[in-house]
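Listed below, chain by chain, are the residues.
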2 protein chains.
Amino acid sequence: MTDTIDGVLGEIRFAPDGLVPAIAQQHDTGEVLMVAWMNREAVRVTLAEGMACYWSRSRQALWRKGDISGQTQRLVEFRLDCDGDTVLLLVDQHGVACHTGRRNCFFRAWRNGAWTMIAAPLVDPAQLYPASGSNSRSRSEGSSSGPSASRAS
Amino acid sequence: MTDTIDGVLGEIRFAPDGLVPAIAQQHDTGEVLMVAWMNREAVRVTLAEGMACYWSRSRQALWRKGDISGQTQRLVEFRLDCDGDTVLLLVDQHGVACHTGRRNCFFRAWRNGAWTMIAAPLVDPAQLYPASGSNSRSRSEGSSSGPSASRAS
């Protein structure tokens, strides 16, 4: 397994900070769920375990998607773009991808000169992060609250 | 128009380098076409003109998608993620998105321990960039060949 995963890693062009953006797309509907970041270890874990694992820039740690919220992503296929610096994960999302309780993170659309919310939460975030309420994700599991990856559950 | 576009820009959290990743998705099929980068001006141009415009990191210049190749992207909807640092452009792709002549940039899939090409070019890249052949794009129009955006036509 290590050999084959090294084959993947050899083709990915990580940025100087060691990361590549990773798009998670629902494999059967085409819905773009979220964008996060991966380092070499996150790629290795994702392929070895068959479940999406990212790199949390805020926590500077591996982030096994759903390890707190239960909203996991089973890997269906791992794709790489033409110049190797962006990856596309086709996944099967369990529950919701976004820490707000929405199915995906792209719920704001610019329509008629204003931002419009085009999706409502399907789950109360407090249920996703019961230990410390709906704001706990950024401390417990999530990506950066800075100019970073999408916040996902 | 300026006022409303300022409303968009106020919600986008550009990284310290002034950029956000931008996913281009075919609006009706859900196909993820490419990932590129946008700065404030690229967002402004995209919304004002209704055609996708990115920021070329290699050329350090605005990149009106398709201005050389003709493979333009008409904007259908502009979306923003939960923490405002990734944008999703629903577009109508004219022709092919990738500089290789393929419909999208994500044509490599990791299957059975090896990279598999899952799409063939639909157009000869030499036809897209006739002035100086199939390798001209990175000099003429494209995104970085470094750890950067997807190379797209």
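For clarity, every value in this text was computed on a predicted model and none was experimentally measured.

Reading the values: rules and limits
Residues numbered from 1 in each chain as written. Chains lettered and ligands numbered in written order. Predicted model: local features only at pLDDT ≥ 70, side-chain atom pairs only at ≥ 80, totals over all residues. Heavy atoms only, no water. Contact = heavy atoms within 4.5 Å. Buried area = accessible area lost by both parts, 1.4 Å probe. Salt bridge = Lys/Arg side-chain N within 4 Å of Asp/Glu carboxyl O. Helix = DSSP H or I, 4+ residues; strand = E, 2+ residues; numbered from the N terminus. Nonpolar A, V, L, I, M, F, W, Y, C, P; charged D, E, K, R; others polar. Least-squares fit on C-alpha atoms with pLDDT ≥ 70 in both. Pairing = 2+ DSSP bridges. Axes fitted to C-alpha atoms, helices over the stretch in contact; angles between N-to-C directions. 1 Å grid on protein atoms, 1.4 Å probe; cavity = no way out; pocket = protein on both sides within 12 Å on 5 of 7 lines; lining within 4 Å. Points joined across faces, edges and corners; volume = space filled by probe spheres on them. Buried < 20%, exposed > 50% of the residue type's maximum accessible area, 1.4 Å probe, protein only.

**Focus: the interface of chain A and chain B**
How big an interface is tends to be expressed through the accessible area that disappears when the partners come together. With 49 residues of chain A at the contact, the number on the chain B side is 49 residues. Taken over both partners, the interface formed by chain A and chain B buries close to 3,800 Å², and the fraction arising from carbon and sulfur atoms is 60%. Inspection of the chain A/chain B interface yields 4 salt bridges. With its nearest N and O atoms 2.5 Å apart, the salt bridge here joins B:Glu77 to A:Arg111. Listing elements by their share of the side of chain A that touches chain B, those giving two or more residues are helix H1 (2-11), strand E1 (20-26), strand E2 (32-38), strand E5 (73-80), strand E6 (87-93) and strand E7 (108-111) of chain A. For the side of chain A that touches chain B, the residue count by class is 25 nonpolar, 14 polar and 10 charged.

**Focus on the relation of the copies chain A and chain B**
A rotation about some axis, followed by a shift along it, carries one copy of the chain onto the other. Between chain A and chain B, the superposition needs a rotation of 180° and an axial shift of 0.0 Å, giving an RMSD of 0.0 Å. The transformation just described matches what one would write down for a two-fold rotation axis. Across chain A, the rotation axis passes nearest the C-alpha of A:Gly30, at a separation of 2.4 Å. Comparing interface residues between copies, 100% of those in chain A also sit at the interface in chain B, which points to an isologous, same-surface contact.

**Describing the sheet that holds strand E8 (residues 114-117) of chain A**
With respect to topology, 6 strands assemble into an open sheet ordered E8(A)-E7(A)-E5(B)-E6(B)-E1(B)-E2(B), the strand pairing being mixed. Every interior strand has two partners, whereas the edge strands, E8 of chain A together with strand E2 (32-38) of chain B, have only one. Neighbour to neighbour, the strand axes of the sheet diverge by 35° on average, direction disregarded. Where helix H2 (residues 40-49) of chain B meets the sheet, it contacts E7 of chain A together with E2, strand E5 (73-80) and strand E6 (87-93) of chain B, and its direction lies at approximately 120° from that of E5(B).

**What to know about the layout of surface pockets**
Looking at the second largest pocket, its volume works out to about 160 Å³. Taken together, 16 residues line the second largest pocket, and the ones lying closest to its centre are A:Gln25, A:Arg79, B:Glu31, B:Val32 and B:Asn104. Of all the secondary structure elements, the ones that give two or more residues to the lining of the second largest pocket are E1 and E6 of chain A. For the lining of the second largest pocket, the residue count by class is 7 nonpolar, 7 polar and 2 charged.

**A look at the sheet that holds strand E8 (residues 114-117) of chain B**
What the 6 strands build is an open sheet, ordered E2(A)-E1(A)-E6(A)-E5(A)-E7(B)-E8(B); its pairing is mixed. If you trace the sheet from one side to the other, it starts and ends with E2 of chain A together with E8 of chain B, each paired once. The mean angle between the axes of side-by-side strands here comes to 35°, regardless of whether they run parallel or antiparallel. By the bridge criterion, 2 bridges tie E5(A) to strand E7 (residues 108-111) of chain B in an arrangement that is antiparallel. Across the sheet, the residue bridging to A:Arg79 is B:Ala109, located in E7(B). Those strands touched by helix H2 (residues 40-49) of chain A are E2, E5 and E6 of chain A together with E7 of chain B, and its axis lies near 120° from that of E5(A).

**Side note on unusual backbone geometry**
All names here are of chain A. At Gln60, a residue that is not glycine, the phi angle is positive and equals roughly 55°. Residue position: Gln60 is located in the loop between strand E3 (53-56) and strand E4 (61-64). On the accessibility criterion, Gln60 (52% relative accessible area) is exposed.

**Some details on the pattern of salt bridges**
As a working rule, side chains carrying opposite charge can pair if their charged atoms are close by. Per the counting criterion, the structure on display carries 16 salt bridges over all chains. Salt-bridge contacts for B:Arg44 lead to B:Glu41; the nearest nitrogen and oxygen are separated by 3.5 Å. Residue B:Arg44 and its partner B:Glu41 are located together in helix H2, separated by 3 residues, close to a single helical turn. Overlapping salt bridges bring together A:Asp6, A:Glu41 and A:Arg44 as one network.

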